[in-house]
Amino acid sequence: MGNWPAIALSISAVLAAAERPAREEPLVEHERFRIEVPAIVLTDVPVRRIVIRAFDASGNPDLSYNGQPLITGIRLAVPQSDDAKLGPFQNGVLELTTDSHAGRKVYISEPEIVVDGGDRKSATLVVPRTFRWLALAPALVALVLCLWPRNFVLAMFVSIWSGLAILDGGNLFHAFVQTIDSFVTFDSGQPGTLGGSHLSILAVMLFFGSLFAVLAAGGGLSGLTDRLAKRANTRERGQLAVLLFGVFTFVDDYAHTLIVGKTLRPLSDRMKISREKLAFLVDTTAAPVAALAILSTWIAAERGTLRATFEDLGIAGSPTATLLASLPYCFYPILMLAFAALVIFLGHDFGPMLRAEGRAATQGHLSRPDLSDPAVLPAVEPDPPGGAKLVRNAAIPLFLLFLLAGVGLWWTGRSELLAQSSAEPGLLDALEHSNPHRVMLFSAFIASIAAVALAVWSRSMSLQQGLSAWVSGLQRMVPAALILVLSWSFQRVCDADHLNTAGFLAEIGQPRVTVEWVPLFAFAAVGLTSAILGSSWAALAMALPTFLSVTHSLLADLNESDPMHPLFLATIGAVIGGAVFGRHCSPISETTIFSSASSSCSHLDHVFTQLPYALTVAGVVAILGYAPVAYGYSPVFLLPIATLVLIVLIQFGGRSAVQEETTASEPASKKATESAEAAGKDGSKRPADARKPAAAGAAQS
């Protein structure tokens, strides 16, 4: 009984504790909205995409929110208004995107974005912004370093570094780490990752290197060169052979540059054609031929973009018929092919190409003697074992390569379309949906293995020699692969998710002209964009819908919105021609890199010798092509006149390479002779017969 008081106290303590309210946990107030914007924004340049998401008090997505909060710092421009309402949320998400051909643009107009829903704390996001002209800084750095010290690898690396430094607010050390870790490597977890198509292109280039190394080691290329040399036995005929072979290789421009350069390089070397001229002919017949050929990956892609644009703009008509009708307005591809043929037939060159051709024709130096470019392949192919030169060792693998490529393009496109519909697709439809990178990957690999097997079967070389040649071909393409990876990394720095260089160029290049001058403006704007970005595909995908929507709108105001209107067709031709022109001028274009690699030419030498030719043709296209189109002149009338002007420019503005080199050597010869005679008059003890060889040697040098 003595324990009862203690028990009572314990019970009362428990009851008192139960009566006290439990301590409440502090509520965590989750943010009401989350704002997603690009890493950096250029002032007065539209951003591609802004996403604002709503969340409930528990931090979960609020899918029931369809309100219209007060948002500051974002401006929406549409054709009817420069400051339109942003609109309400849809299922908890407000997505704002820029659509150039629809005229809708999204700007971040303030240093911070504020979203105030009213019911809870507003969301604020500070947006890093920079001066919009800095979008061109990496391209300017690359241009300066390409001019001096003429090192493309250094130029690309420093330009990527400078672009990342701009993105990182000037932090050079962190930008340097990112350059190595994220943009020049294959780190799959980083933003600079190369995509599957990039890896396929790299593998295609390596396998092409293996294929042609085996063809050379097995004597196939030597036999093919001997056969071709019976007809193409002069420098002019050798260049014509490259041009014609390039014209007939029209299916795909990537495959074109690798096949034509590597196949005809032995013939070009034998005819003493400079590597710069070979690379020019290879590059000239790549994109222009593919852009004009009725059956090619270019035409298929253009047709797909045009069909999507017709659907968006509500244009009634056949995209295929419109595209085919626009081909005569592709002035630059047509006149560039004519220019290359005229240079061959007239035998005249000018600018850096004239010096390169003079060096090769008279001195026998196919490349610059002081060249130290790691991307240049060996000048002389290894001799086939035992001196075997069998044409079939090259002809059969090359025929197999073309066969597999043609069938593969049709099969992959057909398979994709049959998976969507049971109707049998047409050839153009199949090409449009084909996978050219994957097709060329398998075609090049199978053809290279077939080349090894054929050479071993014909006893041109042993299996060990064939495998060694196959591996050595891979190794020779590694420097070119490095250049390609750096070019892609540069393009990545300038894309819409980073510096948005294309968006800046599109913003400052908005056509503010009448409909008659849209084609000329489109040619110049697309050419500049393609040259800076190094990608004609990106320029086409962005520019074709934009300029066609502008032309269609202006023609509709005149009640002439016909897809077969000459100005509408001229706009299509101008965009295609501008994309080809920019690719010819860009050192980071894939076909430019492939052309120099397959021709064993210094990459920068190819760029600097081709650039004056591309600018000359572009000037003629602008003055005698799209400017007269504004006044209603037809291509039937303009193309012959432009061709005549090119003939005059080449004939009177250029010179024969042999004559140029001979003229340049005459003063040195005369000076050496006069020096020798002066030495004799000064009482030299040397006999006359000892002085004459010295003078002759000086003249020869």
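Residues numbered from 1 in each chain as written. Predicted model: local features only at pLDDT ≥ 70, side-chain atom pairs only at ≥ 80, totals over all residues. Heavy atoms only, no water.

**Details of the overall build of the protein**
Then, in step 1: From N to C terminus, the protein includes 28 helices and 11 strands.
Then, in step 2: Per-residue burial for the protein yields a buried fraction of 49% across its 701 residues.
Then, in step 3: Long-range pairs, those at least 24 residues apart, make up 75% of the contacts in the protein with a sequence separation of at least 6.
Then, in step 4: With an accessible surface of roughly 31,700 Å², the protein has 62% of that area assigned to carbon and sulfur atoms. (Helix = DSSP H or I, 4+ residues; strand = E, 2+ residues; numbered from the N terminus. Buried < 20%, exposed > 50% of the residue type's maximum accessible area, 1.4 Å probe, protein only. Contact = heavy atoms within 4.5 Å. Areas by Shrake-Rupley, 256 points an atom, 1.4 Å probe, with all protein chains shown as cover.)

**Describing the packing of helix α8 (residues 253-270) against helix α9 (residues 275-284)**
Then, in step 1: The geometry of α8 relative to α9 is characterised by a closest axis approach of 10 Å and an angle of 145° between their N-to-C directions. The two elements α8 and α9 meet at a crossing, and its hand is right-handed. Contacts between α8 and α9 involve His-256, Thr-257, Val-260, Gly-261, Arg-265, Ser-268 and Asp-269 from the first element and Arg-275, Leu-278 and Val-282 from the second.
Then, in step 2: Of the residues belonging to the contact of α8 with α9, the class tally is three nonpolar, four polar and three charged. (Axes fitted to C-alpha atoms, helices over the stretch in contact; angles between N-to-C directions. Left-handed = near helix turned anticlockwise from the far one by under 90°. Nonpolar A, V, L, I, M, F, W, Y, C, P; charged D, E, K, R; others polar.)

**Brief notes about the pattern of salt bridges**
Then, in step 1: Taken as a whole, this structure holds 18 salt bridges when the rule is applied.
Then, in step 2: Between Asp-62 and Arg-32 there is a salt bridge, with its nearest N and O atoms 3.2 Å apart. Residue Asp-62 is located in the loop between β3 (49-54) and β4 (70-72), and its partner Arg-32 is located in the loop between α1 (4-19) and β1 (33-36); the two are separated by 30 residues in the primary sequence. A single burial state applies to Asp-62 and to Arg-32, both of which are buried.
Then, in step 3: With a closest N to O distance of 2.5 Å, Arg-235 and Glu-357 form a salt bridge. Residue Arg-235 is located in helix α7 (residues 235-248), and its partner Glu-357 is located in helix α14 (residues 352-363); the two are separated by 122 residues in the primary sequence.
Then, in step 4: Among the charged side chains, a salt-bridge network with shared partners connects Arg-235, Lys-277, Asp-349 and Glu-357. (Salt bridge = Lys/Arg side-chain N within 4 Å of Asp/Glu carboxyl O.)

**Focus: unusual backbone geometry**
Most peptide bonds adopt trans geometry, and most residues besides glycine take a negative phi value.
Then, in step 1: Between Trp-148 and Pro-149 the backbone carries a cis peptide bond, its omega angle lying at 10°.
Then, in step 2: Secondary-structure assignment places Pro-149 in the loop between α2 (137-147) and α3 (152-167).
Then, in step 3: Positive phi, close to 55°, is recorded for Asn-91, a residue that is not glycine.
Then, in step 4: Its place among the elements puts Asn-91 in the loop between β6 (81-84) and β7 (93-97).
Then, in step 5: On the basis of relative accessibility, which here comes to 51%, the residue Asn-91 falls in the exposed class.
Then, in step 6: The phi dihedral of Arg-150 falls on the positive side, at around 60°, and the residue is not glycine.

**Considering the layout of surface pockets**
Then, in step 1: Its boundaries defined by the atoms lining it, the largest pocket holds a volume of some 850 Å³.
Then, in step 2: If you trace the largest pocket, you find 33 residues lining it, with Arg-48, Ala-496, Ala-502, Ala-538 and Met-542 closest to the centre.
Then, in step 3: Elements with a contribution of two residues or more to the lining of the largest pocket: α5 (196-217), α20 (501-508) and α22 (536-557).
Then, in step 4: Of the voids in this model, the second largest pocket is the one considered here, and its volume is about 530 Å³.
Then, in step 5: Around the second largest pocket, the lining comprises 24 residues; the ones closest to its centre are Ala-139, Leu-143, Ala-531, Cys-585 and Pro-587.
Then, in step 6: Going through the elements one at a time, α2, α21 (518-533), α23 (566-585) and α25 (603-629) are the ones with two or more residues in the lining of the second largest pocket.
Then, in step 7: Sort the elements by how many residues they give to the lining of the second largest pocket and α2 lands first, with six residues. (1 Å grid on protein atoms, 1.4 Å probe; cavity = no way out; pocket = protein on both sides within 12 Å on 5 of 7 lines; lining within 4 Å. Points joined across faces, edges and corners; volume = space filled by probe spheres on them.)

**Things to note about the sheet that holds strand β5 (residues 74-78)**
Then, in step 1: With respect to topology, three strands assemble into an open sheet ordered β6-β5-β8, the strand pairing being antiparallel. Sheet topology places β6 and β8 (105-108) at the edges, where each strand pairs with a single neighbour. Adjacent strand axes in the sheet meet at a mean angle of 30°, parallel and antiparallel pairs treated alike.
Then, in step 2: Here β5 pairs with β8 via four bridges, running antiparallel. Bridge pairing in β8 places Ala-77 opposite Lys-105. (Pairing = 2+ DSSP bridges.)

**Remarks on helix α12 (residues 319-326)**
One turn of the α-helix equals 3.6 residues, which is why residues spaced by three or four share an orientation.
Then, in step 1: Those residues of α12 lying buried are Pro-319, Thr-320, Thr-322, Leu-323 and Ser-326. Down the axis of α12, the sector holding all buried residues measures 165°, keeping them to one side.
Then, in step 2: Residues of α12 that are buried in the fold lie against α11 (297-313), α16 (427-432) and α23. (Arc of directions from axis to C-beta.)

**As for the nonpolar core**
Then, in step 1: Core analysis: the largest hydrophobic core is formed by 76 residues, its most contacted members being Tyr-332 and Phe-339.
Then, in step 2: It is α23 that provides the largest number of residues to this core, a total of 12 residues.
Then, in step 3: Setting aside residues up to four positions removed in sequence, Tyr-332 forms contacts with Phe-523, Gly-577, Val-580, Phe-581, His-584, Ala-614, Val-617, Ala-618 and Val-621.
Then, in step 4: The next biggest cluster of nonpolar side chains, apart from the first, holds 67 residues, and it includes Ala-455, Met-477, Val-485 and Leu-604. (Core = buried A, V, L, I, M, F, W, Y, C linked by side-chain atoms within 4.5 Å.)

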